[in-house]
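# Structure at a glance
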Number of protein chains: 2
Amino acid sequence: MATQTIIAQEGTFLSEGHTDVPAPLQVPDHGACTAVNDVLARVGDKWTIRVIMALGTGPLRFNALKREIDAISQRMLTRTLRVLERDGLVRRLVEPSVPPRVEYSLTPLGRSLQEPVTVIGQWAMDKRGEVARARADYDARDEG
Amino acid sequence: MATQTIIAQEGTFLSEGHTDVPAPLQVPDHGACTAVNDVLARVGDKWTIRVIMALGTGPLRFNALKREIDAISQRMLTRTLRVLERDGLVRRLVEPSVPPRVEYSLTPLGRSLQEPVTVIGQWAMDKRGEVARARADYDARDEG
DNA sequence: CAGTATCCAGCAGGATACTG
DNA sequence: CAGTATCCTGCTGGATACTG
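Below is a summary of the structure that appears in this document. (Residues numbered from 1 in each chain as written. Chains lettered and ligands numbered in written order. Predicted model: local features only at pLDDT ≥ 70, side-chain atom pairs only at ≥ 80, totals over all residues. Heavy atoms only, no water.)

## Details of the protein's contact with DNA strand C
Neighbouring DNA strand C are 23 residues, the closest being A:Lys46, A:Arg75, B:Gln74, B:Arg92 and B:Tyr104. Expressed as a percentage, the sugar and phosphate content of the atoms of DNA strand C within 4 Å of the protein is 65%. Interatomic distance of 3.4 Å between a backbone N/O atom of B:Pro100 and a sugar or linking oxygen of DNA strand C. The contact in question runs from a phosphate oxygen of DNA strand C to an N or O atom on the backbone of B:Val102, over 3.3 Å. Those elements giving two or more residues to the surface near DNA strand C turn out to be helix 4 (74–86) of chain A together with helix 3 (62–69), helix 4 (74–86) and strand 3 (101–106) of chain B. Of all the elements, helix 4 of chain B adds the most residues to the surface near DNA strand C, at four residues. Of the residues contributing to the surface near DNA strand C, the split by class is eight nonpolar, six polar and nine charged. (Near = heavy atom within 4 Å. Polar contact = N/O pair within 3.5 Å; in protein donor to acceptor, adjacent residues only side chain to side chain. Helix = DSSP H or I, 4+ residues; strand = E, 2+ residues; numbered from the N terminus. Nonpolar A, V, L, I, M, F, W, Y, C, P; charged D, E, K, R; others polar.)

Dropping the structure here:
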């Protein structure tokens, strides 16, 4: 029963949830291919990698993380962290003090993602030039 | 000068281009990190992987590809292919006949991407259960 | 067959203001 | 400090109709 499936009837808004985290809407599950693309989509969004990279060197508190990444909005940092936490990639540790201290760190699962990501990262770096040239060629061709 | 930078002044729409391909809008280039996230974003979009997978077994014509992937709209297949072609990952071969035959295939560069992608794919498959459990836990916790 | 053109809904993500 | 709440824009992607 993992990952509850929430079926929205038309007109339903599901805004009961206490906050802004994107709804865990999910189609019945088409198996492997869906799982793979899920990960790619998550990792391909605007901030996930930056956050994982930043936490790669060690735990960080919310604002430290925000300064590290810089240019990320408070809202997106919170959302990204919540999703990562939900998926078990990031651990959130609250020290109940005033003012509060919240420390984020990678879980073992989160750390295990670093390597696969690095592999594509390497590809991206290696092939940068080739892609750039291909684009230049393509753009030159149709703009003539 | 690779990858022309198009600066849009406010009010500019750049709809000169002959078709629907998303504009090659680009910030000055923040180096490595941008390149990596570029690739992740592309690969993380809804159809890119499916297309690359489908072409992995050999060249395919437009409608064959469409049938193979199924559920993809004509518009998105065209767009995805154009982007992939522009980046030099896919080759487009037109046989000027009536009706036209257009064959798509992976370039060597495109094939070189299959491996890195497979690595994350493997991770996704391996960790599926763990992620699902983490989500179930998280969802159970806050819905109490 | 292999596209283009158009329209439109929904979500990602930014800006800003407020709070325990 | 570490968030929430609200509002708003623009892009992604689907549906549909038309064409060389």
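There's plenty left to go through after this.
## Notes on the sheet that holds strand 3 (residues 101–106) of chain A
Residues and elements named next belong to chain A. In spatial order, the strands read 1-3-2; together these three strands make up an open sheet with antiparallel pairing. Each of the sheet's edge strands pairs with one partner strand only, and the pair in question is strand 1 (60–61) and strand 2 (90–95). Direction of pairing for strand 2 relative to strand 3: antiparallel, over a ladder of six bridges. Opposite Arg-91, over in strand 3, you have Ser-105 as the bridge partner. Across the sheet, helix 2 (residues 48–56) is in contact with strand 1, strand 2 and strand 3; its angle to strand 3 comes to roughly 95°. (Pairing = 2+ DSSP bridges. Contact = heavy atoms within 4.5 Å. Axes fitted to C-alpha atoms, helices over the stretch in contact; angles between N-to-C directions.)

## Topic: the interface of chain B and chain A
Each partner contributes residues to the interface: chain B has 51 residues there, and chain A has 51 residues. Taking both partners together, chain B and chain A bury about 4500 Å²; carbon and sulfur atoms supply 66% of that area. One salt bridge in this structure joins A:Asp139 and B:Arg86, with 2.5 Å as the shortest N-O distance. In this assembly, chain B and chain A are joined by eight residue pairs in polar contact (both at pLDDT 80 or more). Those elements that place two or more of their residues in the side of chain B that touches chain A are helix 1 (32–44), helix 2 (48–56), helix 4 and helix 5 (108–142) of chain B. The residue makeup of the side of chain B that touches chain A, split by class, is 24 nonpolar, ten polar and 17 charged. (Buried area = accessible area lost by both parts, 1.4 Å probe. Salt bridge = Lys/Arg side-chain N within 4 Å of Asp/Glu carboxyl O.)

## A word on the protein's contact with DNA strand D
Around DNA strand D, 22 residues are found, and the nearest of them are A:Gln74, A:Arg92, A:Tyr104, B:Lys46 and B:Arg75. Of everything in DNA strand D that lies within 4 Å of the protein, sugar and phosphate atoms constitute 63%. In this structure, A:Arg82 approaches DNA strand D through a side-chain N or O atom, which is 3.0 Å from a phosphate oxygen. The side chain of A:Arg92 places a nitrogen or oxygen atom 2.5 Å from a phosphate oxygen of DNA strand D. Put simply, the parts of the chain that give the surface near DNA strand D at least two residues each are helix 3 (62–69), helix 4 and strand 3 of chain A together with helix 4 of chain B. For the surface near DNA strand D, the element with the highest residue contribution is helix 4 of chain A, accounting for four residues. Classifying every residue of the surface near DNA strand D gives eight nonpolar, six polar and eight charged.

## A few points about the packing of helix 2 of chain A against helix 3 of chain A
All names here are of chain A. Where helix 2 contacts helix 3, the axes come no closer than 10 Å and their chain directions differ by 115°. Taken together, the axis directions place helix 2 and helix 3 in an arrangement best described as roughly perpendicular. Once helix 2 is placed against helix 3, the crossing between them reads as right-handed. Listed contacts from helix 3 to Arg-50, Val-51, Ala-54 and Leu-55 of helix 2 are Leu-65, Glu-68 and Ile-69. (Parallel < 35°, antiparallel > 145°, perpendicular 65-115°, else oblique. Left-handed = near helix turned anticlockwise from the far one by under 90°.)

## A closer look at helix 3 of chain B
Residue and element names in this part refer to chain B. Looking at helix 3, one finds that the buried residues are Phe-62, Leu-65 and Ile-69. In an axial view of helix 3, the angular spread of the buried residues amounts to 65°, which keeps them on one side of the axis. Those residues of helix 3 that are exposed and aimed more than 90 degrees away from the buried face are Arg-67 and Glu-68. Of the surrounding elements, those touching the buried residues of helix 3 are helix 2, strand 1 (60–61), helix 4 and strand 3. In the segment just after helix 3, Asp-70 is the residue with positive phi, at about 50°. (Buried < 20%, exposed > 50% of the residue type's maximum accessible area, 1.4 Å probe, protein only. Arc of directions from axis to C-beta.)

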